[in-house]
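# Observations on the model geometry
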Amino acid sequence: MTSVFGGMAQLVARLHGMQKVTGSNPVTSTEKLGQRPGFFVFGAGSDWLRIIWYTAMSMDGRIADACDSLGFLDAIGAWQGSESEFATFLTGIDAIIIGAATLRWLLRAGHGWPHGDIPTWLVSHDAMLATQVGQTAASFTRMEGDLNVAIDAIKTAGHECVWLCGGGNVAGQLLALDCIDEVIVTVAPVVLGQGPALFDAPALTERRFGLIACHALNDRTARLHWVRTKS
């Protein structure tokens, strides 16, 4: 599994860079994540699923600008180990959910779908969009309508740790279903003013999260990591 580098693709790699968290209460996820030093493991069962919303945003909570551009990611800058960290992150992921807007951006920018070896569920009403991806090593399934159907399909396929690759609209729908378990966000030193939000929905039900990590990646960018707290 390789990330894409060069030009705007390097910004995608920065967005996907995974900083390892160490300390007494690091990431909670699947046994695969538990194989990495510095990660705790929660028990998993056949009906167990964990969804991680891992992305980057501006200081005012936007994941793209008003024109759906990700150019603001350039402000994040590089940090030591960012590329290898993303490869490590992917070793703990066994399925991906992606929305139409995110996939269209990748295709328009010429990146294609760089994670074709991981089973992927595309949330889209556009029947032609999935065909633009082409052949992939792992399954690539388009779903529309009730996201519970997609979640049930992912569980039935035996997957346990899902990366929500984007975007804010899908994140908002999953949050409404109370299916977001972790939020890992890289905060760029930029205020955009307009654009899709981290959870982009007209009305959201209150959900509470606990902050388990917050640290600087370099002299301008921060990484925050929350986990869902349920009473």
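Remember, it's a predicted structure, so these values are computed and weren't measured experimentally. (Residues numbered from 1 in each chain as written. Predicted model: local features only at pLDDT ≥ 70, side-chain atom pairs only at ≥ 80, totals over all residues. Heavy atoms only, no water.)

Turning our eyes to something else, we now look at the overall build of the chain. Assigned secondary structure in the chain consists of seven helices and ten strands. In the chain, buried positions account for 52% of the 231 residues. When the accessible surface of the chain is totalled, it reaches about 10,400 Å², and 51% of it is carbon and sulfur. (Helix = DSSP H or I, 4+ residues; strand = E, 2+ residues; numbered from the N terminus. Buried < 20%, exposed > 50% of the residue type's maximum accessible area, 1.4 Å probe, protein only. Areas by Shrake-Rupley, 256 points an atom, 1.4 Å probe, with all protein chains shown as cover.)

Here the focus is the sheet that holds strand β4 (residues 95–99). Judged by pairing direction, the sheet is mixed, and its eight strands sit side by side in the order β6-β5-β4-β7-β3-β8-β10-β9 without closing on themselves. A single partner strand is all that each edge strand has here, and the edge strands are β6 (140–143) and β9 (209–216). Taking the axes of each pair of neighbouring strands and ignoring which way they run, one obtains an average angle of 20° across the sheet. Of the pairings in the sheet, the one linking β9 to strand β10 (residues 222–228) comprises seven bridges and is antiparallel in character. What sits directly across from Gly210, in β10, is Val227. With respect to the sheet, helix α7 (residues 168–176) is in contact with β3 (50–57), β4, β5 (120–123), β7 (161–166) and β9, its orientation differing from that of β7 by roughly 135°. (Pairing = 2+ DSSP bridges. Axes fitted to C-alpha atoms, helices over the stretch in contact; angles between N-to-C directions. Contact = heavy atoms within 4.5 Å.)

Moving on: the packing of aromatic side chains. The full count for this structure, using the stated rule, is three aromatic pairs. Site record: aromatic cluster; members linked through ring pairs are Tyr54, Phe89 and Trp163. The ring of Phe209 has Arg228 lying over it, and the distance from NZ or CZ to the ring centre is 5.9 Å. (Phe/Tyr/Trp six-rings, centres within 6.5 Å; stacked < 30°, edge-to-face > 60°. Lys NZ or Arg CZ within 6 Å of the ring centre and 35° of its normal.)

Let's shift gears to the confidence of the model for the chain. Per-residue confidence for the chain gives a mean pLDDT of 81; residues scoring 70 or more make up 79%. Every residue in residues 1–46 is under pLDDT 50, and counting partners more than four places away or in other chains gives 120 contacts. (pLDDT = per-residue confidence, 0-100.)

Of all hydrophobic cores here, the largest spans 34 residues; its most connected members are Leu103, Trp113 and Trp163. Listing elements by their share of this core, those giving two or more residues are β3, α3 (82–91), β4, α4 (100–108), α5 (129–133) and β7. Per-element tally for this core: the top contributor is α4, with four residues. If you look at the next biggest cluster of nonpolar residues, it comprises 28 residues, including Ala95, Ala171, Leu174 and Val183. (Core = buried A, V, L, I, M, F, W, Y, C linked by side-chain atoms within 4.5 Å.)

Along α4, the residues that are buried comprise Ala100, Thr102, Leu103, Trp105 and Leu106. Gly110 sits one or two residues past α4 and shows a positive phi near 85°.

Right, let's talk about the pattern of salt bridges for a bit. Throughout the structure, instances matching the rule amount to six salt bridges. In this structure, the salt-bridge partner of Arg50 is Glu182, at a minimum N-O distance of 2.8 Å. Of this pair, Arg50 sits in strand β3 while Glu182 sits in strand β8 (residues 182–187), placing them 132 residues apart in sequence. Across the pair, Glu182 and Arg50 agree in class, each one buried. Of the charged contacts, one joins Glu144 and Arg142 as a salt bridge, the two residues approaching to 2.7 Å between their closest N and O atoms. It is possible to trace a salt-bridge network through shared partners that takes in Asp178, Arg207 and Arg228. (Salt bridge = Lys/Arg side-chain N within 4 Å of Asp/Glu carboxyl O.)

It is worth spelling out α3 at this point. Within α3, burial applies to Ser82, Glu85, Phe86, Phe89 and Leu90. Taken around the axis of α3, the buried residues stretch over an arc of 140°, which confines them to a single face. (Arc of directions from axis to C-beta.)

Below, the discussion takes up the layout of surface pockets. The space that makes up the largest pocket amounts to roughly 590 Å³. At the level of secondary structure, the elements contributing two or more residues to the lining of the largest pocket comprise α1 (8–16), β3, α4, β7 and α7. If you tally residues by element for the lining of the largest pocket, the top one is α4, at seven residues. Partitioning the lining of the largest pocket into residue classes produces 17 nonpolar, twelve polar and five charged. (1 Å grid on protein atoms, 1.4 Å probe; cavity = no way out; pocket = protein on both sides within 12 Å on 5 of 7 lines; lining within 4 Å. Points joined across faces, edges and corners; volume = space filled by probe spheres on them. Nonpolar A, V, L, I, M, F, W, Y, C, P; charged D, E, K, R; others polar.)

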